[in-house]
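Given next are the chains, with one letter for each unit.
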Amino acid sequence: MSLNHIRPWRTIERRKSRQIMVGNVPVGGDAPIAVQTMTNTITSDVKATLNQVISAAEAGADIVRVSVPDVDSSKALKEICRESPVPLVADIHVHYKRGIDAAEAGAACLRIKPGNIGDEKRVKEVIKAARDHNCSIRIGVNGGSLEKHLLDKYGEPCPDAMLESGLDHIKILEDNDFHEFKISVKASDVFMSSAAYQMLSEATDAPIHLGITEAGGFVSGTIKSAIGLGQLLWMGIGDTLRVSLSADPVEEVKVGFEILKSLGLRHRGVNIISCPSCARQGFDVIKTVEALEKRLEHVKTPMSLSIIGCVVNGPGEALMTDVGFTGGGAGSGMVYLAGKQSHKMDNDKMIDHIVEQVETKAAEIEAAKVE
């Protein structure tokens, strides 16, 4: 249930950018902000890598990046691309031949720094391969691997150095009449990344890929990413994103979607609004939410569910959700549907009942879309 029409302060005006295609996924313009992740398997292990790609896609990833560091990885990429359910980005560093091989293998995008892959002739070869195979390019600037001349000029990694690096690489592509590119300026420092992205957003109309690189483990990395990406997205900056975690790529996808959902920028699955619980709770809120998160993972339809332990905030939260449950007394609580009181339900039956109500509502929403 969206109330943005009476809450204009929730509206985010996205930065205007041109649109490119990453395979069949539009990036930039008015396209939804795409969620990405990256495999952490050995790419030459086709089965393991493909399984990870499929798991990420099932979790909602629109695009998956795969590292291509050697010849064996290049050979494996062709089969992985053929079987992948989503477009793949080939992560290329300094070897230009890996970029050519990846484009020929079916990669939808190459992640490179054009100025780092050799002389002008080699750069032209990679660009030609990308153009010939409808392959876009992501310019990936990283605060930890800036060019020596920029470090000499600025003294240390900083937003100005990252911006200059990005613009230098953009010029190489544009001088070769190649415009199907997006760009990122990532750093592990939230402040540096944020400043660099803000400067970049004013310097180019290219689609922007957001990320706080090397953010850390699941908890710390999630927090850093939510702070860094959240503020940029709130400012309207960003056309695609990756949450970088030392964790399962599926977790990166989930966190990415939760960040977008919290800002109303992207909706997928059930958005559960729940209280932290206290002595007033009429049922075990924490265990109930844990169970519902698992039981409702299969629901892809965007919708909202409130699980509140008592009547202090429960009815108010339920007014703004598709399905709600508020704890009461005597071992039962109140079920809300479309913001209105519907019926009471015993606590020991509530989880199965809520799952049933959510599935029913999801089916109604999907049927309405068809109509």
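Residues numbered from 1 in each chain as written. Predicted model: local features only at pLDDT ≥ 70, side-chain atom pairs only at ≥ 80, totals over all residues. Heavy atoms only, no water.

Chemist: Would you take a moment to explain the overall build of the protein for this structure?
Modeler: A tally of helices and strands in the protein yields 12 helices and 15 strands. The C-alpha atoms of the protein give a radius of gyration of 23 Å, which matches the 21 Å a tight globule of 371 residues would have. On the principal axes, the C-alpha backbone points of the protein span a range of 75 × 40 × 40 Å. The buried share among the 371 residues of the protein stands at 51%. A separation of at least 24 residues holds for 63% of the contacts in the protein among residues at least 6 apart in sequence. On the protein, roughly 17,200 Å² of surface is accessible, and the fraction owed to carbon and sulfur atoms is 53%. Taking the average place of the 42 positive charges on the side chains of the protein and the average place of its 49 negative ones, the gap between the two points comes to 0 Å. (Helix = DSSP H or I, 4+ residues; strand = E, 2+ residues; numbered from the N terminus. Rg over C-alpha atoms; globule rule 2.2 N^0.38 Å. Buried < 20%, exposed > 50% of the residue type's maximum accessible area, 1.4 Å probe, protein only. Contact = heavy atoms within 4.5 Å. Areas by Shrake-Rupley, 256 points an atom, 1.4 Å probe, with all protein chains shown as cover. Lys, Arg positive; Asp, Glu negative; His and termini not counted. Charge placed at Lys NZ, Arg CZ, Asp CG, Glu CD.)

Chemist: Mind showing me how you'd approach a nonpolar patch on the surface here?
Modeler: A cluster of nonpolar side chains, Phe218, Val219, Ile223 and Ile227, forms an exposed patch at the surface whose accessible area comes to about 380 Å². Looking at the secondary structure, you find Ile223 in helix H8 (residues 218-234). Residue Ile223 is classed as partly exposed on the basis of its relative accessible area of 47%. (Patch = residues over 30% accessible without salt bridge, like charges linked within 9 Å, V, L, I, M, F, W, Y side chains within 5 Å. Salt bridge = Lys/Arg side-chain N within 4 Å of Asp/Glu carboxyl O.)

Chemist: When you look at the state of the cysteines in this model, what are you seeing that I'm missing?
Modeler: As used here, a disulfide is simply a covalent bond connecting the sulfur atoms of two cysteines. Taken as a whole, this structure holds zero disulfides when the rule is applied. In this structure Cys81 is not part of a disulfide, and its nearest cysteine sulfur, from Cys135, lies 8.9 Å away. Judged by its relative accessible area of 15%, Cys81 is buried. Just so you know, Cys278 is unpaired, no disulfide at all, and the nearest cysteine sulfur is the one on Cys310, 5.5 Å from it. (Disulfide = S-S within 2.5 Å.)

Chemist: I tried to follow the packing of aromatic side chains on my own but got confused; where do I start?
Modeler: When we look at a pair of aromatic rings, we describe it by the centre distance and by the angle of the planes. On inspection of all chains with the given rule, the structure shows one aromatic pair. Its end group placed over the ring of Phe181, Arg18 keeps NZ or CZ at 4.5 Å from the ring centre. Seen from the ring of Phe257, Arg268 lies directly overhead, with NZ or CZ sitting 5.8 Å from the centre. (Phe/Tyr/Trp six-rings, centres within 6.5 Å; stacked < 30°, edge-to-face > 60°. Lys NZ or Arg CZ within 6 Å of the ring centre and 35° of its normal.)

Chemist: Sorry, what's going on with the sheet that holds strand S11 (residues 270-274) here?
Modeler: Within a sheet, adjacent strands bond to each other through the backbone by hydrogen bonds, running parallel or antiparallel. A sheet is described by the order of its strands in space; here five strands give the open sequence S11-S12-S13-S14-S15, paired in mixed fashion. Single-partner strands in this sheet number two, and they are S11 and strand S15 (340-346). On average, each strand axis in the sheet is tilted by 20 degrees relative to the strand beside it, whichever way the strands run. By the bridge criterion, five bridges tie strand S13 (residues 323-327) to strand S14 (residues 332-337) in an arrangement that is antiparallel. Its bridge partner lying in S14, Gly327 is registered against Gly333. Where helix H10 (residues 285-295) meets the sheet, it contacts S11 and strand S12 (303-308), and its direction lies at approximately 160 degrees from that of S12. (Pairing = 2+ DSSP bridges. Axes fitted to C-alpha atoms, helices over the stretch in contact; angles between N-to-C directions.)

Chemist: Got a minute to help me understand helix H3 (residues 96-105) in this structure?
Modeler: Within an α-helix, residues lying three or four positions from one another point in the same direction, as the helix has 3.6 residues per turn. In terms of burial, H3 is largely enclosed, as eight of its 10 residues are buried. Those residues of H3 lying buried are Tyr96, Arg98, Gly99, Ile100, Asp101, Ala102, Ala103 and Ala105. Residues of H3 that are buried in the fold lie against helix H2 (71-83), strand S5 (88-91), strand S6 (109-112) and helix H4 (120-132). Just downstream of H3, Gly106 is the residue with a positive phi angle, here 110 degrees.

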